[in-house]
Amino acid sequence: TNTLYCVTPGEKKLYPRQVYNGYTFIPSLLPLRNGRIMIAAFNQKMLLMNAANRQTNEITISTEDRKACIRRSTFIQVKAFEDTNGIVWIGTVSNGLIKYTPKTNRAEHVAGISCSDISSIEEDNQGNIWISTLKGLNKLDISTGKMTSFYKTDGLGGDEFNDRASCRMPDGQLVFGGLHGLTYFNPIDISMRKQIPLYLQDLKVHNLLVRPRDDGEIETTLDSCKRIVLDYNENSFSLSYCALDYS
């Protein structure tokens, strides 16, 4: 539909308001803190509606920004979310996550997300943005700009999440709904992955330990050698390693 229906407090009557020409569909509305309502529809320009008089104005994004953000197919908004700083995060089908700054009217593509099909968006009490998708859950650290992805192997109930199925509870817990049911957690309890260096220890050929020697399989210790040379019949070998973490 290209029409919104408005209800005035204290009344039961629905007032229709056509906001787009021709057939389209409007997946969601975002009430903003300034009293306006952001409207987005299938392959249409975004609109701002004045809730008091129901008048609309187009949000004009530069051609450069639009090309940078809409890289595939057409613009289909799934979820829009305004954070505490007034930044609007827009989740799309096939085009990933878009960061829209109303003060500058600039839009930019957010890289590093696990899947370009966004399902829902929430903000935690620390101001970080969490994005569920059709393949994994993501955390955008606002202070560093780092994106971290989580999957079923990290403890999620499943990887595929449903559109707009999320909320933040009064105690700070985040809830995301998916095909597996509900995933809920307190973000402050989530430990982030660390980059731990790996140390190569031993090389074994036919289950026999290989020691460094001139013109041998390795000429120095395994962690510092630049190449391993094996004969055609040395076709059964293994490498052992350890992860160094003293924290």
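These figures come from a predicted structure and were not determined experimentally.

*Asks:* What am I meant to see in the overall build of the chain here?
*Replies:* Within the chain one finds one helix and 20 strands. For the chain, the C-alpha radius of gyration of 26 Å lies well beyond 18 Å, the compact-globule estimate for 247 residues. In terms of its C-alpha atoms, the chain occupies a principal-axis envelope of roughly 90 × 40 × 30 Å. Sorting the 247 residues of the chain into buried and exposed places 39% on the buried side. In the chain, the share of contacts with a sequence separation of at least 24, taken over all contacts with a separation of at least 6, comes to 41%. Summed over its atoms, the accessible surface of the chain is roughly 15000 Å², and 50% of this surface lies on carbon and sulfur atoms. Between the averaged position of the 28 positive side-chain charges in the chain and that of its 27 negative side-chain charges there is a distance of 10 Å.

*Asks:* What exactly am I supposed to notice about the environment of Val 229 here?
*Replies:* Mapped onto the secondary structure, Val 229 falls in the loop between β19 (208-209) and β20 (237-243). Separated by eleven residues in the primary sequence, Val 229 and Ile 218 have C-alpha atoms spaced 6.7 Å apart. If we ignore the near neighbours within four places in the chain, the residues touching Val 229 are Gly 216, Glu 217 and Glu 234.

*Asks:* Would you mind showing me how to read the sheet that holds strand β4 (residues 36-40) here?
*Replies:* Strand-to-strand pairing in sheets goes through backbone hydrogen bonds, with the strands running parallel or antiparallel. An order of β3-β4-β5-β6 is seen for the four strands of this open sheet, with the pairing classed as antiparallel. Each edge of the open sheet is held by one strand with a lone partner, namely β3 (28-31) and β6 (56-58). Strand after strand, the sheet turns through a mean of 25° between neighbouring axes, direction not considered. By the bridge criterion, four bridges tie β4 to strand β5 (residues 47-50) in an arrangement that is antiparallel. Residue pairing across strands places Arg 36 opposite Asn 50, the latter belonging to β5.

*Asks:* Even after reading the chapter, I still don't get the pairing of strand β12 (residues 129-133), so can you show me in this structure?
*Replies:* The side chains of a regular strand alternate, residue by residue, between the two faces of the sheet. Most of β12 sits out of view: five of its five residues are buried. The two faces of β12 match: Ile 129, Ile 131 and Thr 133 on one face and Trp 130 and Ser 132 on the other face are all buried. Here strand β11 (residues 118-123) runs beside β12; their pairing, made up of five bridges, is antiparallel. For Ile 121, the partnering residue across the bridge sits in β12 and is Ile 131. From the end of β11 to the start of β12, which pair antiparallel, there are five residues, and Gly 127 there has a positive phi angle of about 90°. Between β12 and strand β13 (residues 137-140), which pair antiparallel in sequence order, lie three residues; one of them, Gly 136, sits at a positive phi of approximately 105°.

Rules of the game
Residues numbered from 1 in each chain as written. Predicted model: local features only at pLDDT ≥ 70, side-chain atom pairs only at ≥ 80, totals over all residues. Heavy atoms only, no water. Helix = DSSP H or I, 4+ residues; strand = E, 2+ residues; numbered from the N terminus. Rg over C-alpha atoms; globule rule 2.2 N^0.38 Å. Buried < 20%, exposed > 50% of the residue type's maximum accessible area, 1.4 Å probe, protein only. Contact = heavy atoms within 4.5 Å. Areas by Shrake-Rupley, 256 points an atom, 1.4 Å probe, with all protein chains shown as cover. Lys, Arg positive; Asp, Glu negative; His and termini not counted. Charge placed at Lys NZ, Arg CZ, Asp CG, Glu CD. Pairing = 2+ DSSP bridges. Axes fitted to C-alpha atoms, helices over the stretch in contact; angles between N-to-C directions.

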